[in-house]
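Listed below, chain by chain, are the residues.
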Amino acid sequence: MSVTELKERHLAATQTVNSLRQQLNQKRLLLLDTDVAGYSRAQNKLPVTFTPTDLVCCRTLQGHSGKVYSLDWTPEKNRIVSASQDGRLIVWNALTSQKTHAIKLPCPWVMTCAFSPSGQSVACGGLDSICSIFNLNSSMDKDGNVPVSRMLSGHKGYVSSCQYVPDEDTHLITSSGDHTCILWDITTGLRTSVFGGEFQSGHTADVLSVSINGSNSRLFVSGSCDATARLWDTRVASRAVRTFYGHEGDVSSVKYFPDGNRFGTGSEDGTCRLFDIRTGHQLQVYNQPNSDSDFAQVTSIAFSVSGRLLFAGYANGDCYVWDTLLAQVVLNLGSLHNSHEGRISCLGLSADGSALCTGSWDSNLKIWAFGGHRKMT
């Protein structure tokens, strides 16, 4: 068979797959008689009300000299680690804005960072395709730097995201540009399981984000440039449990809903979506309230403790607070006086949900807290 014939057969097969995928999506939509917002309106649910004084910027963390790419909170809520294009990890005291550690990285092109559950270690990864672990209690070397305590090497592409398994300092999951996710044993530095890659049910493009189920740490979801999110069980690495369709662009961020039965996604197509892991159905789409068709990419998402609020950062500097039930924007932090001056690249909530931290390409991080007597819902 000639090369030309092979190309023709490949093109025909691709067209067939795309056609079947469209038919499948249409069938899924027919099974949904309503979405979360439609049901909530039918139940006469009232929207959450916000004013610019209800959520205020209480601190700006200045110290990075390059774009901030990632951040994470410790479980005890008062410390934040951030990763920047300046090639450093900075550990902050969120209550005082002071820096407790400034770690110079072996590779400056860092893309992700995470605190261990105990708060004693931090992990990071980037274009060097390695996930590096730093013990914050280690003695500094002669140059005043915290030495790398473990290097997890095995990915064949950049490390885009990392997250520790809840309540374990010894295991974490990474995602990569090599289309795979890996579960690591940090104690030995070895791969426990590889998700995707040669398996047909794996992602077909770069994996950008992972989120581990807080109720069942054996389950995690991943988002990819193939416009899908996938559910994995660490006990069955050979295949994805379920694949979730709906987005029309890269899935840049995934985050489990607090109850563990659903998860949210943010995408390059400008939308956030809510999926049910039990049925595989898309429950809600959160479309930007813009009048034109030029929608900004979603870069990062997070849920409030109850799940009633969805926080979403966008490439144009907006940061919407969504009412998840009614799919309405109740506040845009990007429109406030102390907002960022660049792309919102990352965001995250403190463990108790009392504060939101946002990171930006303007090299700063900002901590937002509720004003007055209002509490995070």
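Residues numbered from 1 in each chain as written. Predicted model: local features only at pLDDT ≥ 70, side-chain atom pairs only at ≥ 80, totals over all residues. Heavy atoms only, no water.

Side note on the packing of aromatic side chains
Taken as a whole, this structure holds twelve aromatic pairs when the rule is applied. Ring geometry for Phe 263 against Phe 275: centres 5.5 Å apart, planes inclined by 25°, an arrangement best described as stacked. A residue pair is termed long-range when its members are at least 10 positions apart, and Phe 263 in strand β19 (residues 262-267) and Phe 275 in strand β20 (residues 272-276) qualify at twelve residues. Grouping residues by exposure puts Phe 263 and Phe 275 together as buried. In textbook terms, an aromatic cluster arises when at least three aromatic residues are bridged by ring pairs, as seen for Phe 244, Tyr 256, Phe 263 and Phe 275. When the ring centre of Trp 361 is taken as reference, the NZ or CZ atom of Arg 343 above it lies at 4.8 Å. (Phe/Tyr/Trp six-rings, centres within 6.5 Å; stacked < 30°, edge-to-face > 60°. Helix = DSSP H or I, 4+ residues; strand = E, 2+ residues; numbered from the N terminus. Buried < 20%, exposed > 50% of the residue type's maximum accessible area, 1.4 Å probe, protein only. Lys NZ or Arg CZ within 6 Å of the ring centre and 35° of its normal.)

As for the nonpolar core
Counting residues in each nonpolar core, the largest one holds 18 residues, and the members touching the most others are Phe 50, Leu 55, Phe 311, Val 321 and Leu 333. Looking at this core, the elements with two or more residues in it are β1 (55-61), β23 (309-314), β24 (319-323), β25 (328-332), β26 (344-349) and β28 (365-370). Grouped together as the second largest cluster of nonpolar side chains are 15 residues, Val 36, Cys 272, Leu 283 and Tyr 320 included. (Core = buried A, V, L, I, M, F, W, Y, C linked by side-chain atoms within 4.5 Å.)

Description of the pairing of β25
Relative to β25, β24 runs antiparallel, the two being bridged by four bridges. The partner of Tyr 320 across the bridge, within β25, is Asn 332. Connecting the antiparallel pair β24 and β25 is a turn made up of four residues, with Ala 327 showing a positive phi of about 55°. (Pairing = 2+ DSSP bridges.)

Some points on the environment of His 340
Mapping His 340 onto the fold places it in the loop between β25 and β26. Assessed through its relative accessible area of 9%, His 340 is described here as buried. When residues no more than four places from it in sequence are discounted, the contact partners of His 340 are Thr 358, Gly 359, Ser 360, Asp 362, Asn 364, Leu 365 and Lys 366. Here the side chain of His 340 touches Thr 358 through a polar contact of 2.8 Å, side chain to side chain. (Contact = heavy atoms within 4.5 Å. Polar contact = N/O pair within 3.5 Å; in protein donor to acceptor, adjacent residues only side chain to side chain.)

Some thoughts on the confidence of the model for the chain
Mean pLDDT over the chain stands at 91; residues scoring 70 or higher make up 95%. Taken as a whole, residues 372-376 scores under 50 in pLDDT and shows 13 contacts with residues more than four places along the chain or in a different chain. (pLDDT = per-residue confidence, 0-100.)

Points about the state of the cysteines
In total, this model carries zero disulfides according to the counting rule given. Take Cys 225: it sits in no disulfide, and the sulfur closest to it among the cysteines is that of Cys 181, at 12 Å. You can see Cys 357 has no disulfide; the closest cysteine sulfur is in Cys 346, sitting 7.2 Å from it. A relative accessible area of 0% means that Cys 357 is categorised as buried. (Disulfide = S-S within 2.5 Å.)

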